[in-house]
Amino acid sequence: MPEAAAPASSAPAASRTHLVLIPSYNPGPKVRDTVAAARARWNPVWVVIDGSTDGSAAWLQDMAAQDEGLRVLALPANQGKGAAVLHGIEQATREGFTHALTLDSDGQHPAHLIPAFMQASQARPDAMVLGVPQFGAEAPRIRVLGRKISNGWANLETLGAGIGDSLFGFRVYPIAPLARVMRGQRFMRRFDFDPEAAVRLAWAGVPAINLPAPVRYFTPEEGGVSHFKYLRDNALLTWMHTRLFLGFALRLPRLAWRRWRPAGR
């Protein structure tokens, strides 16, 4: 059974720099537990509804109406995870926030670790704080193996910049550099968002802090919802890593200098 969420009223005082950002597309009823668990541990929490059609938008709007620490933003049609995150961080920038912790809406991510990840970010505001998933026995083997391949490519494309996991979306991003790399090209808008964000931020000189985080895959009987399409999304990742490898080749001299430059230079 998932850990019961504490009442939102027990959440800490509102942060003026760090917020939790939850992109949400047809997550099913589990989104209510996810948002409640996040609110129990952080304030504020924003949800970006990415054109959902499963009724979850109404549930979330009802929750926000009773909780001033929760805000709901909505896109009129499904645009993809990366597009939802970009929409959220652009609004966050206008309101003075500097960092965003991204959390999936389906309950797989460990909301109880939000304070620890935020604390790591506050101690190193220049860095991205990346969750490194600790899988249970229920994790699909093919997904775990595919992740190892993507991680290998990401670390090649960054000359070993220290990306512990390229695909896990439980992370704290410094908003300004993330917004810059996203506005600079038209990709990173869908399932390719998480790995490309990590690689491009590493290229931009943003260091990575890796922290372990358990991940739980729920069965459909437990309310689990997956939008992963094996052929479509693996084709998207293959195209993404092809593009990134070409970008890596162009940046290789600068990346090599940064990686192996003499101490003190």
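Our subject in this report is the structure included herewith. Every residue gets a number counted from 1 within its own chain, in the order that chain's sequence is written. For this predicted model, a pLDDT threshold of at least 70 governs which residues receive local features, and a threshold of 80 or more governs which side-chain atom pairs are given and counted, while totals over whole chains, interfaces and linings are taken from all residues. Hydrogens and water molecules were not included; the side-chain quantities draw on all heavy atoms of the structure.

Things to note about the sheet that holds strand β5 (residues 128-135)
Convention followed: We call two strands paired when DSSP finds no fewer than two bridges between them. In DSSP terms, a helix is any run of H or I states spanning at least four residues, a strand is any run of E spanning at least two, and both are numbered starting from the N terminus. Geometry is summarised by axes, namely lines fitted to C-alpha atoms with helices restricted to the contacting stretch, and by angles between N-to-C directions that run from 0 to 180 degrees. It only takes one pair of heavy atoms within 4.5 Å for two residues to be counted as in contact.
Taken in spatial order, the seven strands line up as β3-β2-β1-β4-β6-β5-β7 in an open sheet, and their pairing is mixed. What marks the edges here is a single partner per strand, and that holds for β3 (70-75) and β7 (208-215). Across the sheet, the mean angle separating the axes of adjacent strands is 25 degrees when strand polarity is ignored. As paired strands, β5 and strand β6 (residues 171-174) are joined by two bridges and run antiparallel to one another. What sits directly across from Leu130, in β6, is Arg171. On the sheet, helix α2 (residues 56-65) packs against β1 (18-24), β2 (45-50) and β3 and is oriented at approximately 150 degrees with respect to β3. Contacts from helix α3 (residues 81-94) reach β1, β2, β3 and β4 (99-102), with the element oriented near 135 degrees to β2.

Thoughts on the packing of helix α1 (residues 30-41) against α2
The packing of two helices is summarised by the inter-axis angle and the distance between the axes. Test applied: Should an angle fall under 35 degrees it is called roughly parallel, over 145 degrees roughly antiparallel, and 65 to 115 degrees roughly perpendicular, with every other angle called oblique. A clockwise turn of the near helix away from the far one marks a right-handed crossing, whereas an anticlockwise turn of less than a right angle marks a left-handed crossing. All amino acids are sorted into three groups, where Ala, Val, Leu, Ile, Met, Phe, Trp, Tyr, Cys and Pro are nonpolar, Asp, Glu, Lys and Arg are charged, and the leftover types, Gly among them, are polar.
Direction vectors running N to C along α1 and α2 enclose 30 degrees, while the axes themselves pass 10 Å from each other. The angle between α1 and α2 places the two elements in the roughly parallel class. For the pair α1 and α2, the sense of crossing is right-handed. Contacts between α1 and α2 involve Val31, Arg32, Val35 and Ala36 from the first element and Ser56, Trp59, Leu60 and Met63 from the second. Of the residues contributing to the contact of α1 with α2, the split by class is six nonpolar, one polar and one charged.

Some details on the pairing of β3
Rules: By the criterion used throughout, a crossover qualifies as right-handed when its path from the first strand across the helix to the second strand runs clockwise, the strands pointing away from the viewer.
Where β2 lies against β3, six bridges are found, and the strand directions are parallel. By the bridge assignment, Val45 is partnered in β3 with Leu70. In the classification by handedness, the crossover that spans β2, the intervening α2 and the parallel β3 is right-handed.

A look at helix α4 (residues 114-123)
Helical geometry: 3.6 residues make up each α-helical turn, so side chains three or four residues apart lie on a common side. As a reminder, the rule being used: Using a 1.4 Å probe on the protein chains alone, a residue whose accessible area is under 20% of its type maximum counts as buried, one over 50% counts as exposed, and one in between counts as partly exposed. The reported arc concerns the directions from the helix axis to the C-beta atoms and nothing else.
Of all the positions in α4, only Ile114, Phe117, Met118, Ala120 and Ser121 are classed as buried. For α4, the arc enclosing every buried residue in end-on projection is 160 degrees, short of the 170-degree limit, so these residues lie on one face. The exposed set on the far side of α4, more than 90 degrees from its buried face, consists of Gln119 and Ala123. Looking at the packing, one finds that the buried side of α4 touches β1, α1, β4, β5, β6 and β7.

Quick word on the packing of α3 against helix α6 (residues 175-183)
At a closest axis distance of 10 Å, the pairing of α3 and α6 adopts a crossing angle of 130 degrees. Between α3 and α6, the angle is such that the two are oblique. Seen from above, α3 lies across α6 with left-handed handedness. Contact residues: α3 offers Gly82, Val85, Leu86, Ile89, Glu90, Ala92 and Thr93, while α6 offers Ile175, Leu178, Ala179, Met182 and Arg183. Residues of the contact of α3 with α6, tallied by class, amount to eight nonpolar, two polar and two charged.

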